[in-house]
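# Analysis of the macromolecular model
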Amino acid sequence: MKRSAMAAVMLLGMVLPAGRAAAAPGDYWVVGGDQAARRLIAFDPAVADWDSSPSVKWTWQPSVTPGRFTSDEVSAFGLIADFKLRELPSGAQSFVVAAGGGRGIAAVVSYPDGVRQWARVLPGNLHAAELLPDGNIAVAASAGGWVRVYASSQGPDATAYGEYRLTDAHAALWDPAIRRLWVIGQDFVTGQPILTALAVEGTLARPELREDTARRSVLPTPGGHDVYAHAHDPNKLWLTTGSAAYLYDKTTKTFDAALPGGASRGGVKSIGNQPSGQIVQTQASSARCTYNTWCTDTVNFFAPAMTRTRTGAAFYKARVWSPYYGAVDRPLRGTVWSRTRSPSGTWDANAARIDGNGSISDVAVATLPDGSMHVLTVVPGSGVWDRTRSPSGTWDANAVRIDDNGTISRVSAAALPNGALHVQTVVPGSGVWDRTRSAAGVWDAGATKIDGNGAVGAVSAAALPNGALHVQTVVPGSGVWDRTRSAAGVWDAGATKIDDNGEVGAISAAALPNGTLHVQTVVPGSGVWNRARSSAGAWDAGATRIDDNGTISRVSAAALPNGALHVQTVVPGAGVWDRGRSAAGVWDAGATKADGSGSVLEVTAAGTPEGGLHLLTLPDLS
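Residues numbered from 1 in each chain as written. Predicted model: local features only at pLDDT ≥ 70, side-chain atom pairs only at ≥ 80, totals over all residues. Heavy atoms only, no water.

Now for the confidence of the model for the chain. Counting all residues, the mean pLDDT for the chain is 92, and 95% of those residues have values of 70 or more. This stretch, residues 1-24, has a pLDDT under 50; its non-local contacts, to residues over four places away or in other chains, come to 62 contacts. (pLDDT = per-residue confidence, 0-100. Contact = heavy atoms within 4.5 Å.)

Here it is, written out as structure tokens:
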């Protein structure tokens with residue numbers, strides 16, 4: 001099936017955005033800059049033969065007609081050095097490109113039609129380009145010894161720029177988490193190889209650059225080359241030098257060369273990773289490419305390992321064709337899949353998709369006492385939808401919208417012993433709302449605001465055997481709070497802070513048959529912690545760490561009728577793991593991999609009356 005980059009494709013009922021490889025859900029196309037062919041070529045990494053026409057999804061090179069470039073600009077486009085696809089706040093997508101040599105070109109181009117939006121012929125051997133959220137372009141020139149931000153937002157031929165002097169400048173990457181431009185090169189005075197971040201100041205029409213000196217790091221090896229964002233971790237950067245590839249920690253300012261599958265090696269000209277976690281690289285190879293000394297005809301992939309070769313190509317860099325800067329600005333979306341663990345402890349061999357809407361951003365699940373299951377999904381711009389699974393295991397053909405507030409960001413759910421279902425939603429800037437479905441199946445006409453803190457970032461809920469409902473909220477920078485609704489239906493006037501760690505990023509909760517409540521929190525860089533509330537209402541003085549994997553991004557929990565507790569964790573790039581706690585309170589020594597998809601964004605789980613466990617995952621399709 002042939003698809004243009006402009007069109008979306010229907011596959012098994014889900015819409016795949018432009019730029020997505022249909023055969024590899026969760027991963028993007030890979031674009032190579034072929035210096036020999038003087039063009040950008042987008043490949044489907046799921047197609048093994050990159051010489052075949054099905055592998056090529058989009059191509060571009062500047063043209064006078066219809067591309068609207070001048071003939072001088074077209075002639076300057078040869079040694080393709082860098083290119084990145086970006087989505088601006090307006091929703092429009094453009095890409096930037098830089099071609100080097102003594103006389104090269106930097107350009108901003110509309111995507112996917114490839115029409116000139118701004119361009120300039122420049123000397124200095126251009127090595128990198130980046131499109132800033134305000135529409136201006138950043139360009140790095142190695143021989144020129146500078147990083148510039150041009151006022152491209154001001155018109156197709158704007159010439160004003162701000163400059164930062166940097167010897168052998170090789171990279172430019174915008175970081176939306178800290179609003180800085182990462183660059184790599186050598187200190188203009190000392191010659192030290194450095195990674196540093198620049199503040200973009202001034203005005204749109206007259207930008208200025210200032211080094212944020214607190215973010216400067218000296219490179220462990222010389223010859224700094226590429227810097228790129230990590231697909232999952234906003235605190236990490238991919239980085240290469242002449243002799244190695246690294247994962248850089250922005251907080252600790254440390255360089256880790258222990259990359260999977262031998263991905264840390266010399267001569268790497270570009271590096272990045274897919275939402276699935278797979279690393280994508282190009283490495284100069286005179287054995288594979290004789291066009292020049294810095295090219296290759298092959299793109300290498302690690303974890304899992306594979307290669308893709310284009311006969312006669314001269315790739316300098318290859319980019320994961322994602323329109324996002326990184327983990328911070330990427331709108332995470334996916335479809336919902338369910339995998340079951342039987343009462344005997346056996347996981348299904350495969351997961352089954354239960355919702356093919358590829359626009360879902362969050363999911364929650366709850367099981368009613370009669371064995372029916374409700375799955376709640378958030379569709380940004382649309383609201384919250386509920387899909388039911390009968391006690392006999394049949395899913396409803398369609399979901400029912402229970403809340404049409406399109407700004408809802410997060411959802412949680414809990415079932416009471418009397419058969420009522422409570423669904424909590426987070427509305428950024430407003431707070432947390434609770435809507436009830438009666439045991440007779442009737443939804444309340446409206447929701448009740450149970451927390452007016454508009455800064456709440458995550459929510460979880462659990463119902464005790466006595467009919468009380470507990471809702472936990474994460475307030476970034478403050479900690480975790482718990483609010484109770486009594487069995488009589490009365491909400492506490494205020495919430496109780498149960499964790500003052502302002503770094504908590506994700507939360508889950510489950511109530512055991514003995515009346516105890518367990519709340520799990522994810523602390524980036526630390527792992528997963530569990531805090532218990534006794535049946536008498538007393539919270540443990542401290543939390544117990546139950547998983548020390550600091551890369552875990554999400555957590556869920558489910559209680560079984562026999563008193564066992566199961567906690568599921570998402571490890572980006574690796575999959576979903578399940579760890580059990582027996583009714584006697586003993587945690588399993590290790591966790592079991594319950595799902596091998598490395599692109600899972602969200603996870604939720606629920607136990608069933610017969611002792612089974614349902615694990616629902618939301619793999620990335622954005």
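And the narrative resumes.
Considering the arrangement of structural elements, one finds H614 in strand β50 (residues 613-619). Residue classification places H614 among the buried positions, given a relative accessible area of 5%. Reaching out from H614, the side chain makes a polar contact with the side chain of T340 at a distance of 3.4 Å. With sequence-adjacent residues up to four places away left out, H614 is seen in contact with S338, R339, T340, M373, R389, T604, A605, A606 and T608. (Helix = DSSP H or I, 4+ residues; strand = E, 2+ residues; numbered from the N terminus. Buried < 20%, exposed > 50% of the residue type's maximum accessible area, 1.4 Å probe, protein only. Polar contact = N/O pair within 3.5 Å; in protein donor to acceptor, adjacent residues only side chain to side chain.)

The subject of this paragraph is the state of the cysteines. Per the counting criterion, the structure on display carries 1 disulfide. Disulfide pairing is shown between C289 and C295; the S-S distance is 1.8 Å. Its torsion about the S-S bond being -100 degrees, the disulfide of C289 and C295 is classed as left-handed. The pair C289 / C295 is uniform in exposure class, with both members buried. (Disulfide = S-S within 2.5 Å.)

Time to look at the packing of aromatic side chains. Throughout the structure, instances matching the rule amount to 18 aromatic pairs. Considering the side-chain rings of W50 and F301, the 6.5 Å spacing of their centres and the 85 degrees angle between planes classify their relative orientation as edge-to-face. Taken together, the residues span a long stretch of sequence, with W50 in the loop between β4 (39-43) and β5 (56-60) and F301 in strand β24 (residues 298-302) at a distance of 251 residues. Here W50 and F301 have matching classes, each one buried. Taking 4.7 Å as the distance between ring centres and 45 degrees as the angle between the ring planes, the aromatic pair formed by Y248 and F255 counts as tilted. You can call Y248 buried: its relative accessible area is 0%. Each residue in the set W58, W60, F69, F77, F83, F95, Y111 and W321 is aromatic and connected to the rest through ring pairs, giving one cluster. It is R148 that lies over the ring of W146; its NZ or CZ is 3.8 Å from the centre. The ring of Y161 carries the charged tip of R148 above its face, separated from the ring centre by 4.2 Å. (Phe/Tyr/Trp six-rings, centres within 6.5 Å; stacked < 30°, edge-to-face > 60°. Lys NZ or Arg CZ within 6 Å of the ring centre and 35° of its normal.)

What follows covers empty space enclosed by the protein. For the structure shown, the criterion picks out 6 cavities of 30 Å³ or more. What the largest cavity holds in volume is close to 140 Å³. Considering only enclosed or pocket space, the second largest cavity measures out at about 100 Å³ in volume. What lines the second largest cavity is a set of 17 residues, and nearest its centre among them are D175, A229, P234, K250 and G326. Among the secondary structure elements, those contributing two or more residues to the lining of the second largest cavity are β14 (167-175) and β19 (236-240). For the lining of the second largest cavity, the element with the highest residue contribution is β14, accounting for 3 residues. (1 Å grid on protein atoms, 1.4 Å probe; cavity = no way out; pocket = protein on both sides within 12 Å on 5 of 7 lines; lining within 4 Å. Points joined across faces, edges and corners; volume = space filled by probe spheres on them.)

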